[in-house]
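Coordinate analysis (summary)
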Amino acid sequence: MFLGYLAGNKVNNIDVVYTPWSNLKKTASMDVGQVGFHNTKMVRTVRVDKRNNDIVNRLNKTKVERKTDLKAEREAVDIAERTEKKHQQRDKKRHEDLERLEKEKQAELRSYKGLMVSENMTSNKQIASGNKSMQEMEEDFM
């Protein structure tokens, strides 16, 4: 991590301090912009004798500043999450309805309601009045 001062572009003979962010230490008694270090062995200091404007100017040309609207981004994320949740709930409900219909269908197939329907039954009189005799019917049955 780079901890430097931007005025370093205008001054010669400056020290640039490198340390991981986890090594930074900030207490309430410190001034604004002032930091300390937990472990000084993790601090690396590099001395820059002469400023190099070519690098800084090249960096400044490619620098892009974006204005972020955090509230709008948060709302967009919330809307996306809500729509995803609605789709998941709709799919879950559809799946539960299909399972319920399948269970009802299986229960209907297992029940005896459809077996003893009077429209499907034939009486002996109907058989006798038909073309085949009772003996022929018994032979067909066997």
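Let me begin by describing the structure that accompanies this report. (Residues numbered from 1 in each chain as written. Predicted model: local features only at pLDDT ≥ 70, side-chain atom pairs only at ≥ 80, totals over all residues. Heavy atoms only, no water.)

**What to know about the overall build of the protein**
The condition that has to hold: Comment: elements are numbered from the N terminus, with helices defined as DSSP H or I runs of at least four residues and strands as E runs of at least two. Relative accessibility thresholds used throughout: buried, under 20% of the residue-type maximum; exposed, over 50%; partly exposed, between the two (1.4 Å probe, protein chains only). When checking whether two residues touch, look at their non-hydrogen atoms; a contact exists if any pair is within 4.5 Å. Only the protein chains shown count as cover for residues, and all accessible areas are computed by the Shrake-Rupley method using a 1.4 Å probe.
Helices and strands together make up the secondary structure of the protein, namely 4 helices and 5 strands. Shown N-terminal to C-terminal, the secondary structure of the protein runs as helices and strands in the order β-β-β-β-β-α-α-α-α. By residue count, 4% of the 142 residues in the protein fall in the buried class. In the protein, of all internal contacts separated by at least 6 residues, the share reaching a separation of at least 24 is 44%. Approximately 13700 Å² of the protein is accessible, and the part contributed by carbon and sulfur atoms is 54%.

**Things to note about the pattern of salt bridges**
Put simply, the rule is: Every case where a carboxyl oxygen of Asp or Glu lies within 4 Å of a side-chain nitrogen of Lys or Arg is listed as a salt bridge.
Under the counting rule described, the total for this entry stands at 7 salt bridges. We note a salt bridge from lysine 63 to glutamate 65, for which the minimum N-O separation is 3.9 Å. The burial state of lysine 63 is the same as that of glutamate 65; both residues are exposed. Between arginine 100 and glutamate 104 there is a salt bridge, and its shortest N-O distance comes to 3.2 Å. Taken as a pair, arginine 100 and glutamate 104 lie in helix α2 (residues 70-110) at a separation of 4 residues, close to a single helical turn. In this structure arginine 100 comes out as partly exposed when scored by relative accessible area, which is 43%. Via salt bridges that share partners, Lys93, Asp97, Arg100 and Glu104 belong to a single interconnected network.

**Re the side chain of threonine 19**
To be explicit about the condition: We call two N or O atoms a polar contact when they sit within 3.5 Å, provided that within protein one can donate a hydrogen and the other can accept it, with sequence-adjacent residues counted only if both atoms are side-chain atoms.
Locating threonine 19 in the fold gives a position in the loop between β2 (14-18) and β3 (24-25). When its relative accessible area of 3% is taken as the criterion, threonine 19 is described as buried. Within polar-contact distance, the side chain of threonine 19 engages the side chain of asparagine 23 at 2.8 Å.

Geometry only, nothing functional implied.
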